[in-house]
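Examining the three-dimensional arrangement
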Amino acid sequence: MKCAPFRVELPSTVDEVVAALVEHGEDAKILAGGQSLIPMLAMRLARFDVLIDVHHVDGLASIQLDQNTIRIGSRVRQSEIERSDVIKRHLPVLAEATALIGHFQIRNRGTIGGSLVHADPAAEYPAVALALGATFEVTGPAGTRVIPAADFFLGYWTTALTDDEVLVAIHFPIPEGKRVGMTVKEVARRHGDFALAGAVASIGLDPSGAIVETAIALFSAADQPLRLTEMEAALTGHSPDSLDIPALSAAAAAGLAPGDDLHGSADFRRHLFRHLIADVAAEAITRAQEATNV
Amino acid sequence: MSEDVEVRLTVNGDGYRVRVEPRKTLVDALREDCNLTGTHIGCEHGVCGACTVLVDDRAVRSCLMFAYQAEGTSIRTIEGLADADGTLHPVQAAFREAHGLQCGFCTPGFVMSIVALLDENGAPTPQEVREGLSGNLCRCTGYQTILEAVDIAAATLRATSLEATR
């Protein structure tokens, strides 16, 4: 189908984006890469009088490396993240997660900010942001505020952004000088399809090899990305050799209530999570043990 | 109503000036305003890949991009692949050789995806080819011959670039 008619605004600054959001309220939507929004418009699942196209806004399309963080502009395309030397070197898990998103034709248009703000529970980036403790730089009429990933995702396609706010950048802490291993895995029927189940792990070791930091986040497990806080607590403080990771993963998966639909039953998804959680935990530990940046 | 906007498109090296509604997708503008009907419209929501074209050398779904957004870009479609004398592009020639098409509806999208894929990686593994083509659907299900066509095209393109460097 064709989209319903709309007007386009092409602001060139973040302030102009905010002004347009204030003016049009819920009649307007920001258009970034459009790889989720345009299908929704085409299927008439959504309809807006005004699209605020952010392609000409200054400062949204760069990847910057600071001492301990990478700041990624919200309009950076997924294919640029996949190819970025800075990201491949300092945060390879983000490049790995990107390769799992849709198809390369989609990633050539889709943006990191668009995916995060769309907040599809089956999407990769929200779970990566949650596991890695990313923060969201958001600008509205009252100025700029920073929202931690843990407070950003509120449910199906719902975030803490208000109608008059725009996501400007995402800040990812990078584990420079620490023994940290990170990984992401998912199961989809076909490469590029929505994940039936997915998991991200980031595990840090101290000089003796004991686990000092654990973050495990799941996607397609609930209405928003989930942290496995109980399993994280069970890992932290212990030597990897002393842990029964398959048993801990089975316990964590048993507590999940994933979707139950024609793509996969809840039992099947729990089965997938049980193995995915064990796999990402084991691989993150191995990567931390092999980390050479310390 | 939304007002028409004037858009300048460069398609296969030719300039076009079109007046379109903001909601008009790039594929509709190519077909209806540029009369380039080689690019096909399948699902119209980004799933089937039939409308794949190259925008600034990157493969994109032209149904998931509005025509006004293509202002200032360089677009390549299936019409822009063969030489002026009709000599087929190596990917097109490989499709003919391998019988990589049946009804042909999905073919323009597959061919453009493969051109982009081989441009970036001249010697993809079978796994990389399958992943790269996972975003294009063939409802005749003639996938095996399409995969063969990719192998043939990759070999031709490698041989050509080797010759060019000699």
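Here is what the cut-offs are and how they apply
Residues numbered from 1 in each chain as written. Chains lettered and ligands numbered in written order. Predicted model: local features only at pLDDT ≥ 70, side-chain atom pairs only at ≥ 80, totals over all residues. Heavy atoms only, no water. Domains from an automatic or database assignment. Contact = heavy atoms within 4.5 Å. Buried area = accessible area lost by both parts, 1.4 Å probe. Salt bridge = Lys/Arg side-chain N within 4 Å of Asp/Glu carboxyl O. Polar contact = N/O pair within 3.5 Å; in protein donor to acceptor, adjacent residues only side chain to side chain. Helix = DSSP H or I, 4+ residues; strand = E, 2+ residues; numbered from the N terminus. Nonpolar A, V, L, I, M, F, W, Y, C, P; charged D, E, K, R; others polar. Buried < 20%, exposed > 50% of the residue type's maximum accessible area, 1.4 Å probe, protein only. Disulfide = S-S within 2.5 Å.

1. Focus on the domain arrangement of chain B
Residues and elements named next belong to chain B. For chain B, the domain assignment lists domain 1 (5-80) and domain 2 (90-165). Centre-to-centre, using C-alpha coordinates, domain 1 lies 22 Å away from domain 2. Listed as interface residues are 16 residues of domain 1 and, on the opposing side, 13 residues of domain 2. Of the roughly 1,100 Å² buried where domain 1 meets domain 2, counting both sides, 64% is carbon and sulfur surface. Broken down residue by residue, the surface that domain 1 buries against domain 2 is led by His40, Thr52 and Ile78, which jointly contribute 40%. Our count for the contact surface shared by domain 1 and domain 2 stands at zero salt bridges. Here domain 1 and domain 2 share four residue pairs in polar contact (both at pLDDT 80 or more) between them. Where the side of domain 1 that touches domain 2 is concerned, the elements lending two or more residues are strand E3 (52-55) and strand E4 (58-61).

2. Structural notes on the interface of chain B and chain A
Counting residues at the interface gives 31 residues for chain B and 31 residues for chain A. Contact between chain B and chain A buries roughly 2,600 Å² in total, counting both sides, with carbon and sulfur atoms accounting for 57%. Linking chain B with chain A are three salt bridges, by the criterion used here. Residues Arg83(A) and Glu120(B) are paired through a salt bridge, measuring 3.1 Å at the closest nitrogen-oxygen approach. Scanning the region where chain B abuts chain A turns up 17 residue pairs in polar contact (both at pLDDT 80 or more). If you list the elements that add at least two residues to the side of chain B that touches chain A, you get E4, helix H3 (107-120) and helix H4 (126-132) of chain B. Classifying every residue of the side of chain B that touches chain A gives 13 nonpolar, ten polar and eight charged.

3. Here we look at the pattern of salt bridges
Residue and element names in this part refer to chain A. Counted according to the given criterion, the structure contains 21 salt bridges over all chains. The salt bridge partner of Arg269 is Asp261, with a shortest N-O separation of 2.8 Å. Residue Arg269 is classed as buried on the basis of its relative accessible area of 6%. Exposure remark for Asp261: the relative accessible area of 36% places this residue in the partly exposed category.

4. Side note on the state of the cysteines
Residue and element names in this part refer to chain B. Per the stated rule, a full pass over the model turns up zero disulfides over all chains. The thiol of Cys106 is unpaired, and the distance to the nearest cysteine sulfur, on Cys138, comes to 4.0 Å. Residue classification places Cys106 among the buried residues on the basis of a relative accessible area of 11%.

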